[in-house]
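Here is how the chains run, residue by residue.
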Amino acid sequence: MANSNAQRRSSATFKRYIEHSEQSTYIEVPFQMPEQVEEIHVRYQVEAYGRESAAVIDLGVRDSVRVRGWSGGARQEFNIAQSQATPGYLPGALAPGEWAVLHNAYKVPEEGCTVTIDIEFMHKTPRWLKGDLHTHSVHSDGAYTLEENAAIMESLGCDFIAMTDHNTSSQNLAYPRETSVLMIPGSEFTTNFGHSNFLGAMSPMDDFRVTEMSDVHEKFRIARERGAKIVLNHTHCDHCPWEWDFEVDHDGVEVWNGPWDERNRRALSWWQEQLVKGKRLVAVGGSDVHRPGPHVKHAMPCVWVWSEEKTVERVLDGIVQGHVVITHAPDGPFANLQCGEFGIGDEVPFDQADQDVVVQLDGLRAGDLVRLYSERGFEEEIAAETDGERILRFDAKERRFVRAEIWRYFQQVERTMMAALTNPIYFNTNVIVRD
């Protein structure tokens with residue numbers, strides 16, 4: 001679980017000379033789809049010996065079963081991924097085997113033409129993906145369109161977004177397709193006594209109205225049956241805290257909502273108490289952005305998830321497993337914890353639990369404070385003397401968990417605030433925890 005978001009890529013180039021006699025015919029340019037491909041990008045160019053406009057060659061693609069897309073002469077390139085694709089093309093599994101780029105030789109000059117096809121394969125690579133799990137749009141009380149939300153996230157270099165509009169799922173049916181940002185279906189279950197996000201289900205509920213705790217349990221049950229992962233939002237907020245019973249079926253808690261402030265500090269303190277009790281509750285964050293403003297902005301905070309691939313299922317799996325780091329912005333700083341082959345969210349087996357925890361830090365600024373916590377509470381603080389990367393070691397012997405925080409002085413608000421927060425790495429110590 002190294003601190004990397006690099007994805008393995010490979011490419012292939014094909015050339016096909018098309019004779020004038022092939023005009024008005026369909027042509028296939030076969031290629032092999034490798035194993036474990038997450039996304040492909042195809043682009044083509046037609047050369048008609050200096051007169052590019054004299055040739056009209058249409059574009060499409062097939063897999064081993066069916067035509068997966070056709071754009072005719074409207075596009076020069078397209079993308080296909082498992083969760084989304086360029087309009088005119090079908091997202092879905094990229095099964096290995098023989099595929100083919102399709103051409104319609106609609107117009108071919110007398111001297112013929114040459115088509116050059118470049119294919120880039122993005123391979124499934126475990127890596128850190130970053131995004132925002134709590135945003136709003138014009139589908140509820142937000143000012144941003146879906147396209148504007150996606151474009152902002154793309155400009156920030158983010159990988160995913162969940163548009164969690166209040167008590168509706170209409171946004172999940174209208175996600176834009178011409179974006180590289182993964183769209184996670186979402187809905188914010190909004191009640192008079194607390195909010196929670198249902199993530200990963202297109203329509204997690206048919207009716208949001210509740211009057212008592214048994215109704216809340218029933219809404220959670222239905223959302224869970226429909227595939228939702230459940231996060232309790234801004235639980236210690238001054239205006240809309242979670243006032244229902246905490247003994248509900250949920251996967252995580254939003255300890256960091258919008259800019260770092262006192263309500264987030266209270267949520268963090270409560271989460272630490274749950275960890276000390278032995279509850280492995282995943283901490284996440286979200287901007288809760290609704291409209292343009294000076295403080296609440298997209299991906300502030302930013303959630304990083306160690307994911308096997310860039311799909312909704314795998315990102316949500318990574319969250320449920322606790323493979324999560326939260327940073328104040330998409331550009332970090334970043335902290336990772338490693339104990340042998342085990343990382344954030346993992347449990348280190350008993351026979352390896354006496355190893356040191358390696359704390360990998362990136363994007364530090366001189367003066368940043370790195371703080372380590374366990375079930376014993378505050379353990380250690382290290383001040384960064386220089387900008388850049390740093391590696392620390394912590395003796396985790398007889399600890400049940402270790403987690404890290406980075407605190408930074410922000411000149412614009414003249415305060416020291418949270419800049420990064422990790423979920424714990426856990427240790428099997430064979431110790432029975434009792435409340």
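Residues numbered from 1 in each chain as written. Predicted model: local features only at pLDDT ≥ 70, side-chain atom pairs only at ≥ 80, totals over all residues. Heavy atoms only, no water.

Let us now look at the domain arrangement of the chain. Here the chain is partitioned into domain 1 (9-123), domain 2 (125-330) and domain 3 (332-434). A separation of 38 Å is found between the C-alpha centroids of domain 1 and domain 2. Taken together, the contacts link 12 residues of domain 1 with 12 residues of domain 2. For the pairing of domain 1 and domain 2, the buried interface totals around 880 Å² over both sides, and the portion due to carbon and sulfur atoms is 32%. Here domain 1 is connected to domain 2 by 2 salt bridges. On inspection of domain 1 and its partner domain 2, the count reaches 8 residue pairs in polar contact (both at pLDDT 80 or more). For the side of domain 1 that touches domain 2, the residue count by class is 4 nonpolar, 6 polar and 2 charged. (Domains from an automatic or database assignment. Contact = heavy atoms within 4.5 Å. Buried area = accessible area lost by both parts, 1.4 Å probe. Salt bridge = Lys/Arg side-chain N within 4 Å of Asp/Glu carboxyl O. Polar contact = N/O pair within 3.5 Å; in protein donor to acceptor, adjacent residues only side chain to side chain. Nonpolar A, V, L, I, M, F, W, Y, C, P; charged D, E, K, R; others polar.)

As a further point, take the sheet that holds strand β13 (residues 186-191). With mixed pairing, 5 strands are arranged side by side in an open sheet as β13-β14-β15-β16-β17. Sheet topology places β13 and β17 (282-286) at the edges, where each strand pairs with a single neighbour. In this sheet, adjacent strand axes meet at a mean angle of 35° when their direction is disregarded. Its contacts with the sheet place helix α3 (residues 262-276) against β16 (252-257) and β17, and it is angled at close to 150° to β16. (Pairing = 2+ DSSP bridges. Helix = DSSP H or I, 4+ residues; strand = E, 2+ residues; numbered from the N terminus. Axes fitted to C-alpha atoms, helices over the stretch in contact; angles between N-to-C directions.)

Moving on: the layout of surface pockets. Size it by volume and the largest pocket reaches roughly 590 Å³. Lining the largest pocket are 32 residues, and of these Glu39, Asn79, Thr179, Ser180 and Lys310 lie nearest its centre. Those elements that provide at least two residues to the lining of the largest pocket are β3 (37-47), β7 (77-81) and β10 (127-135). The element best represented in the lining of the largest pocket is β7, accounting for 5 residues. For the lining of the largest pocket, the class distribution of residues is 9 nonpolar, 12 polar and 11 charged. Its volume calculated, the second largest pocket comes out at about 480 Å³. Every residue lining the second largest pocket is counted, 20 residues in all, and those nearest its centre are His295, Met300, Phe410, Gln412 and Met417. Of the residues in the lining of the second largest pocket, the class split is 11 nonpolar, 5 polar and 4 charged. Residues lining the lining of the second largest pocket come from more than one domain, with at least three contributed by each of domain 2 (125-330) and domain 3 (332-434). (1 Å grid on protein atoms, 1.4 Å probe; cavity = no way out; pocket = protein on both sides within 12 Å on 5 of 7 lines; lining within 4 Å. Points joined across faces, edges and corners; volume = space filled by probe spheres on them.)

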